[in-house]
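Okay, here's what each chain looks like letter by letter:
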Amino acid sequence: WFSGGNISIQSTINQLYNLNKLSSNSLGSNLFQISISQPLSFYSSQKWDKKISEIKNEILKKDILREKVSIKKQAIILFFDLLIAQEILNLNKNIYNYSKELYDKSIIKHARNNISQQDLLKVKIGFNDANIKLKNANDSYIISKNKLLSFLKPNNHLNLDLIRH
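Just so you know, these numbers come straight off a predicted model, no measurement behind them. Residue numbers here run from 1 along each chain, matching the order of that chain's written sequence. Reporting of local features is limited, given that this is a predicted model, to residues whose pLDDT is at least 70; pairs of side-chain atoms are given and counted only at 80 or more, and all residues count toward the totals for whole chains, interfaces and linings. As a convention, hydrogens and water are excluded, and side-chain values are obtained from all of the structure's heavy atoms.

Elements are defined by DSSP. Helices are runs of H or I of four residues or more, strands are runs of E of two residues or more, and each kind is numbered from the N terminus. Among the secondary structure elements, Phe79 is positioned in helix α1 (residues 45–111). Partly exposed describes any residue whose relative accessible area lies between the buried limit of under 20% and the exposed limit of over 50%, with all areas from a 1.4 Å probe on protein chains only and scaled to the type maximum. By relative accessible area, Phe79 is classed as partly exposed at 33%. Along the sequence, Phe79 and Lys147 sit 68 residues apart, while their C-alpha atoms lie 9.3 Å from each other.

Structure (structure tokens):
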């Protein structure tokens, strides 16, 4: 904090003799006196610039670290969003396939008069519902995939599919 000046510590003891009719002695002491002097013309800008640049570098390092953590956090969030969307898509594909198989069997059974028209319509509604959920899951998967790809910014020809083990 101190640049280009003087610091001094001083102590004094004084004794005063008064030589008049009433002779008297007086003692005075000053145990510590600290003084700091810094001439304005002797200001060392290089020392201050060095100290300030060190602090600026520390702040910059902390900002870079904070930004790296933020980027990693965002990449992890987008990755797991894609992973979840892919699993939901796979689940909805299975549900769709089972619903389609059930609907196909129900059409055959209805033709043989084994099930009523009302039961066939209920199965058809379930099949249509599974089809809608599959389309929504596919849309969510594509959106999650595009978000991750745009965040990573690779070339446009990169195909991204997560693999289950």
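Ranked by size, the top nonpolar core spans 13 residues in total, and within it Leu89, Tyr103 and Tyr141 carry the most contacts. Of all elements in the fold, only α1 and α2 (117–152) reach the threshold of two or more residues within this core. It is α2 that contributes the most residues to this core, seven residues altogether. Put simply, buried Ala, Val, Leu, Ile, Met, Phe, Trp, Tyr and Cys residues joined by side-chain atoms within 4.5 Å make one nonpolar core.

Before going further, it helps to examine unusual backbone geometry. Positive phi is not limited to glycine here, since Asn113 has a value of about 65°. Topologically, Asn113 is positioned in the loop between α1 and α2.

Moving on: α2. The terminal C-alpha atoms of α2, which comprises 36 residues, lie 52 Å apart, in line with the 52 Å expected from a rise of 1.5 Å per residue. If you check which residues of α2 are buried, you get Leu120, Val123, Phe127, Ala130, Leu134, Ala137, Tyr141, Ser144, Lys145, Leu148 and Leu149. Note on α2: the residue one or two positions beyond its end, Lys153, has a positive phi of about 55°. Under the convention used throughout, the expected extent of a helix is 1.5 Å for every residue step, that is, one less than its residue count.

Distances and angles like these do not, on their own, reveal function.
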